[in-house]
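A structural walkthrough
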Amino acid sequence: MNEAQPQNHDPNEAGPSRRSVLWTAGAAGAGLGLGGLTATQAAAASGTAGSATAAGAAPAAKGKTMIGVPFERRSTVRVGIIGLGNRGGSMIDLFLAVPGARVVALCDPVKEKTAKAAKKVTTAGQPAPAVYTNGDHDFENLCKRGDVDFVYVATPWDWHFEMAKTAMLNGKHVGVECPIALRLDQLWELVDLSERTRRHCMQLENCCYGRNEMRVLRMAHAGLFGELLHGAGAYIHDLRGLMFDPKYYEGPWRRLWHTRLRGDLYPNHGFGPVANYMDINRGDRAVRISSVGTPALGLAAYRKEHMPANDPSWKESYIESDRTISLVQTAKGRVIRLEHDVSTPHPYSRINSLGGTKGLFEDYPERIYLEPDQHNDEWGDFGKYAEWDHWLWKEHANPPGGHGGMDYMLVFRLIQCMRLGLLPDFDVYDAATWTAPVPLSDRSLKAHGAPQEIPDFTRGLWKKSRPGMDSQKPEE
């Protein structure tokens, strides 16, 4: 069977079956690739079943809002980790390094990965964790444990929604790598489940904790940029070699999404920080998105140059735009530009830009122009604004872990909030908003750039200001 997906697939309808994309495809018998789908499964994968949730419609609430709901205070946060590949296998080191966290359970159908992670736990001086390696759905048993407070999900995207849902239904707070889900109806279901179960469901967006992002956040909230007007964020990362490398990803799951959706597959790294600058869901709201995209040529060109003629990738037809550019408008009239490109040669960039009536900041490379500090059309030195660093970066100037330390900051702050019974820095409403561009950009592209309404996941509560990422140092 040809693995290409129809170009008229609607991501808001029933997506690929639960087993259509392997969450660890290297496990023998762990699931089926698209090439192994039955006719019924193929119909589901092509979006011919199910119904769409209207983009702008807010379903009736099924519980009270989670806005303003703190974690329960506890002395130790007991963590269960689902997915121990590239991301989960490295993030476990940080959960083991942060005071007050204990890793009690691990899940991955690739037994070698689970064993390696379990060894890290005991080497760190913690008791041996429970392990779950019995197929794709053994994560359900991890979520049923009574000694898990928080579930961390680091699996391929197709499983994120189901795992977050299972965690909350079993009374666990849950944090998920991005994107948290891939369809609007799934985003609404996660919002409703969080409200009904009284469990927090978070998009663990590490880029929100970058040093530059947190500095700009504090400067913006202090008024140094004046009235905010526009911002930009992106995920521009040449992943061609990794997506075709059978040893990097377990199976072709990430590359196969380029055969299914045309839109911005990974908006969160760029959208999250800019949304924080502008207090989205905390006084402003993202109301609509319009997207355009280039032809999808990059992956096919890379395949032609690097892959042998008998490689399974030759059965794939890529429809994802090599460069997707989206414009998001907010209720206050501000504009946010989002870009996504993982299929063409380009140095890594998240763009990370913010502009207002007094000037602007742009990253990659970092530079700033603020009146009255800068003049004569010459960029200023962003390093001279280090006094505006967030207290997390002042206390942890040299944090361990990857991505420049932002991963450690994320885990440290999460565990701190749970131990001290604080509000989370971001919540399920932020998770849904930051992920909504995935299905909506696909829909806009198919409509030749026509604007698509972004749901108000807060159901009107965005109008009230409230705390977010710009936190004060708590009393221990």
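Residues numbered from 1 in each chain as written. Predicted model: local features only at pLDDT ≥ 70, side-chain atom pairs only at ≥ 80, totals over all residues. Heavy atoms only, no water.

1. Thoughts on the sheet that holds strand β4 (residues 150-153)
Reading across from one edge, β3-β2-β1-β4-β5-β6 is the order of the 6 strands in this open sheet, with parallel pairing throughout. The open sheet is flanked by β3 (130-132) and β6 (201-203), the only strands paired with a single partner. For this sheet, the mean angle separating the axes of adjacent strands, direction not counted, is 25°. Two strands pair when backbone bridges link them, and strand β1 (residues 77-82) and strand β2 (residues 101-107) are joined in this way by 6 bridges, in the parallel orientation. Opposite Gly 80, over in β2, you have Ala 105 as the bridge partner. (Pairing = 2+ DSSP bridges. Helix = DSSP H or I, 4+ residues; strand = E, 2+ residues; numbered from the N terminus. Axes fitted to C-alpha atoms, helices over the stretch in contact; angles between N-to-C directions.)

2. Describing the nonpolar core
Formed by 103 residues in total, the largest nonpolar core has its most connected members in Phe 95, Phe 150, Tyr 209 and Phe 225. Ranked by residue count, the leading element in this core is helix α13 (residues 406-420), at 10 residues. Those residues in contact with Tyr 209 that lie beyond four places of it in its chain are Met 214, Leu 392, Trp 393, Met 406, Met 409, Leu 410, Arg 413, Asp 425, Phe 426 and Met 469. (Core = buried A, V, L, I, M, F, W, Y, C linked by side-chain atoms within 4.5 Å. Buried < 20%, exposed > 50% of the residue type's maximum accessible area, 1.4 Å probe, protein only. Contact = heavy atoms within 4.5 Å.)

3. What to know about the packing of helix α2 (residues 86-97) against α13
Their axes nearest at 9 Å, the elements α2 and α13 cross at an angle of 50°. With respect to each other, α2 and α13 are oriented oblique. Here the hand of the crossing between α2 and α13 comes out right-handed. Contacts from Arg 87, Met 91, Leu 94, Phe 95 and Ala 97 in α2 reach Asp 407, Tyr 408, Val 411, Leu 414 and Ile 415 in α13. For the contact of α2 with α13, the residue count by class is 8 nonpolar, no polar and 2 charged. (Parallel < 35°, antiparallel > 145°, perpendicular 65-115°, else oblique. Left-handed = near helix turned anticlockwise from the far one by under 90°. Nonpolar A, V, L, I, M, F, W, Y, C, P; charged D, E, K, R; others polar.)

4. Focus on empty space enclosed by the protein
Across all of its chains, the model carries 3 cavities of 30 Å³ or more by this definition. Its volume calculated, the largest cavity comes out at about 70 Å³. What lines the largest cavity is simply Phe 71, Met 202, Leu 204, Tyr 209, Leu 410, Arg 413, Leu 414, Cys 417, Pro 424, Asp 425 and Phe 426. Element by element, the count of residues in the lining of the largest cavity is highest for α13, at 4 residues. (1 Å grid on protein atoms, 1.4 Å probe; cavity = no way out; pocket = protein on both sides within 12 Å on 5 of 7 lines; lining within 4 Å. Points joined across faces, edges and corners; volume = space filled by probe spheres on them.)

5. Some remarks on the sheet that holds strand β13 (residues 367-370)
Note: strands within a sheet are paired through backbone hydrogen bonds, in either parallel or antiparallel orientation. The 8 strands lie next to each other as β13-β12-β11-β7-β10-β9-β8-β14, forming an open sheet whose pairing is mixed. Of all the strands in the sheet, just β13 and β14 (452-453) have a single pairing partner and so form its edges. Judged from the 4 bridges that link them, strand β7 (residues 228-236) and strand β11 (residues 353-356) form a sheet pairing that is antiparallel. If you follow Leu 228 over to β11, its bridge partner there is Gly 356. Here helix α15 (residues 437-446) sits on the sheet and contacts β8 (286-293), β9 (324-330), β10 (335-341) and β14; the angle it forms with β8, its principal contact strand, is near 55°.

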